[in-house]
Structures are given as C-alpha cells and as structure tokens.
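# Overview (structure and organization)
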Amino acid sequence: MNGLGFDRAPADTRVVVAMSGGVDSSVTAALLARQGYEVIGITLQLYDHGVAVQKKGACCAGQDIHDARRVCESLGIPHYVLDYESRFSDAVMDDFADSYLRGETPIPCVRCNERVKFRDLLQTARDLGADCLATGHYVQSFPGEGGWRLFKAVDARRDQSYFLFSTTREQLDFLRFPLGGLEKPDVRMLAEDFGLIVADKPDSQDICFVPQGNYASVIERLRPGAADPGEIVHLDGRVLGQHEGIIHYTIGQRRGIGVGGTADPLYVVKLEPESRRVIVGPKAALDIGRFIARELNWLGEDRPETDEQDVFVRIRNTQEPVKARVRLLDDRRAQITLCTPQAGISPGQAAVFYDGDEVLGGGWIERTESPLAN
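Along each chain, numbering runs from 1 in the same order as the chain's sequence is written. Where local features are concerned, this predicted model is filtered to residues with pLDDT of at least 70; where side-chain atom pairs are given and counted, the filter is 80 or more; whole-chain, interface and lining totals use all residues. Calculation of side-chain values draws on the structure's entire complement of heavy atoms; hydrogens and water are dropped beforehand.

## What to know about the pattern of salt bridges
- The rule for a salt bridge is simple: a side-chain nitrogen of Lys or Arg has to be within 4 Å of a carboxyl oxygen of Asp or Glu. Enumeration over the complete set of coordinates arrives at 29 salt bridges.
- The shortest N-O distance in the salt bridge between Glu-358 and Arg-149 comes to 2.8 Å. With Glu-358 in strand 17 (residues 358–369) and Arg-149 in strand 6 (residues 147–152), this pair connects stretches of sequence that are 209 residues apart.
- With a 1.4 Å probe rolled over the protein chains alone, any residue whose accessible area is under 20% of its type maximum counts as buried; one over 50% counts as exposed, and the rest are partly exposed. Residue classification places Glu-358 among the buried residues on the basis of a relative accessible area of 8%. What counts as a helix is a DSSP run of H or I of at least four residues, what counts as a strand is a run of E of at least two, and both are numbered from the N terminus.

Here is the structure:
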C-alpha cells in the first residue's frame, strides 16, 4: 500500500494536483513528484483575467496561473489550464451576490470547493484516468469502514476543515490532502528545499474575485440596483435613519451603521431584504441559542435519526467549536441547539459539526431564533 492508500507502486499511480499558483499546492505537487507518483498539474482560470492581473494575492487567475506553470516546468510534470470562468461565475459569484440580496452572509470558498473544484475538476481528473485528486488544503483524511473520513489538520492555525464540510463521501474517497499532517512553516521550508519560485509568495487573504475586500462594489456590478435605500429601525420600532442598501451591512456589525443617539452601542441584529430594513439593537440581541440549517451533508458514520445527538459546532472558521445538540428535521435540514448562546450568527453562514478532530458534516444556516431579535 503506497502513501496515498493504493495497492500499487507510486509510479503506477496517477495523481492530478489542483494548483492555484500558491505555495501550498506547489509543495503538494513537488512532494508527490519526489515520491515517484505520476503527477499532472491543473490550474483553473476562474474569473476575469484582466482584473486578476492587477490584484496581488489572487487565486486561480492572472500571475498565479503563470506561477503554477513555472512550478510544473521546474518539476518536469505536465500542466494544463482549464477555463472555468463561466462555471465559476454561475455557481459561485452569482450565488454570492444573491445571498447578500437575501440578507445572508455567504462563504464563496465553500461553494467553490463544492460546486467547482470537487465537482467539475474532480470529474476532469477522472476523465484523465487519475487515481485521485490531490489539493493543498490543510485537512486530513483517513480510510474507515464506510470510506474515507475527514479530520482537522495538525496545524490548528491553518486548519481548513470548516471550508470542506460539504464534501461528499464519494468525493472524499477520491481526494487526498498531503499537507494535512504538516505545519505551515514546514511547508515553507519544503518549498525552499525544492527550489520553488513561490517559496516566499504571500498567502492569498481576500476572496479572489473581490478586489480590496469591497463586497458591495462587486454585488452592485453583478446585480445592478442592489443598493436600494431603506430604513434603519430599532428593535423597539423606532426609525433611526436611512441606509444606502442592506448589502453594506452584516449581522453583528457595530461600526459604520450611520445612526447614534443611544446610551448603549447599537449593533446590526437582523436584515429584512423584503422591506429593505436594517434592524439594530443592543448587544444582547445578537445572542442566538438555536438555528435551522439547510443542505445538510453528513459525513460521520453514525447519522442522527429522531433523537438529538451531541456534537461540537463551529459557526466561523476563526471560532472554536462549541457544544451543541443536533436533531434532523428531514434528510436535508436540521435543528441545532447551542448549549451556550453565541453572538452574531447569521443566515448564510456554515455550521460545521465535529466529534473531536473528525468532521461529522454540516449545513448552511437558514434562520436563527433569538428571543430579542425575532
């Protein structure tokens, strides 16, 4: 059994590596090539090349495509660039804009993995006769009785398991994550040892298609007229002011709301896209004890049925998982009750379930229940 879990020599194992042009995917390809696998690098061009070349730290466009190509040349492996721009626009960018119009807080990186990389690219890898698709994500997977299972990375600061909760069991069986057992500094050192041109390249920080983090400008470009004005309303019903579009606001926001005159600070506690109202209130109104999640994807071996199951749930990638109970409402929806209420939970965010280091699955928050805000 080789290091990727196949009962054959590495030289007889074909691996497609998803190469974004960054250090992580480049080291992934270099590691596998050094171990003797037949490696093919594939880079997806996902959005407008003309915009991308002007933006540093982008992903899957512009300079990053050139970097991926040069890395493959240095490793002596084939490299292909696939134009997935229209697929990415339809499956990720349009969803991003529409989510904001619904008053949600979307996570496009999850949708990109779910609808592009682990669906279309994975199928392309199969068409090329690959035995697996390898990526530079910081997660771990191990074979179990019912197939491969997903776990947090060794490097907790880089763990990306939150963004992969929607990966299906069938996809997990085909995916490999060679960096999951490494610390980020070790990956940088490996890049230097391999002589990769991207060894010192900074990691991308922003959403790839949102220059300078200006979400509103992207949404207005994709959905003209999205920034319709409306009222800023206190929970007690008082109209406190006017806004220039709910796309400029997120749940939990305190700064830049545009109203004042109250003894205590005000926070955005709810968005009402139908009436174009931004609801504000005290910090206590942000506490959420229960919510409904849709598009449930369960990866654990023991799927909860009618009874509640104790889990740990992570609402944001930067947040530590907290104790909760999950109860299935149907095959695709669940009710999650938090043992300790959490602040600032918003529809559109992901709720990811854990049992220790194992990812049990997750879903998209559909609606929340707050005694004050509802």
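So much for the structure itself; the text now carries on.
## Examining the packing of helix 4 (residues 85–101) against helix 8 (residues 215–222)
- Angular values range over 0 to 180 degrees, each being the angle between N-to-C directions of two axes fitted as lines to C-alpha atoms, with helices fitted over their stretch in contact. Where helix 4 contacts helix 8, the axes come no closer than 10 Å and their chain directions differ by 105°. One element, helix 4, and the other, helix 8, form an angle in the roughly perpendicular class. Every residue of helix 8 that contacts helix 4 at Met-93, Asp-94, Phe-96, Ala-97, Tyr-100 and Leu-101 is listed here: Tyr-215, Ile-219, Arg-221 and Leu-222. If an angle is under 35 degrees, it is roughly parallel; if it is over 145, roughly antiparallel; if it lies from 65 to 115, roughly perpendicular; otherwise it is oblique. Contact definition: two residues touch when any of their heavy atoms are within 4.5 Å.

## Examining the sheet that holds strand 10 (residues 267–272)
- If you walk across this open sheet you meet the four strands as 9-8-11-10, and the pairing is mixed. This sheet does not close on itself; its edge strands, each paired only once, are strand 9 (239–243) and strand 10. Looking at each pair of strands side by side, their axes are set apart by 30° on average, direction ignored.
- We treat two strands as partners when DSSP finds at least two bridges between them. The pairing of strand 8 (residues 230–234) with strand 9 spans four bridges and is classified as antiparallel. If you follow Glu-231 over to strand 9, its bridge partner there is Gln-242.

## Some remarks on the sheet that holds strand 1 (residues 14–18)
- Strands sit in the order 3-2-1-4-7 across an open sheet of five strands; the sheet is parallel. The open sheet terminates on both sides in strands that have one partner only, identified here as strand 3 (79–83) and strand 7 (175–176).
- In terms of strand pairing, strand 1 meets strand 2 (residues 38–45) through five bridges, oriented parallel. Bridge pairing in strand 2 links Val-17 to Gly-41.
- Packing of helix 1 (residues 23–34) onto the sheet brings it into contact with strand 1, strand 2 and strand 4 (132–134), and relative to strand 1 it is tilted by some 165°.
- Contacting strand 1, strand 2, strand 3, strand 4 and strand 7, helix 5 (residues 108–127) runs over the sheet at an angle of about 135° to strand 2.

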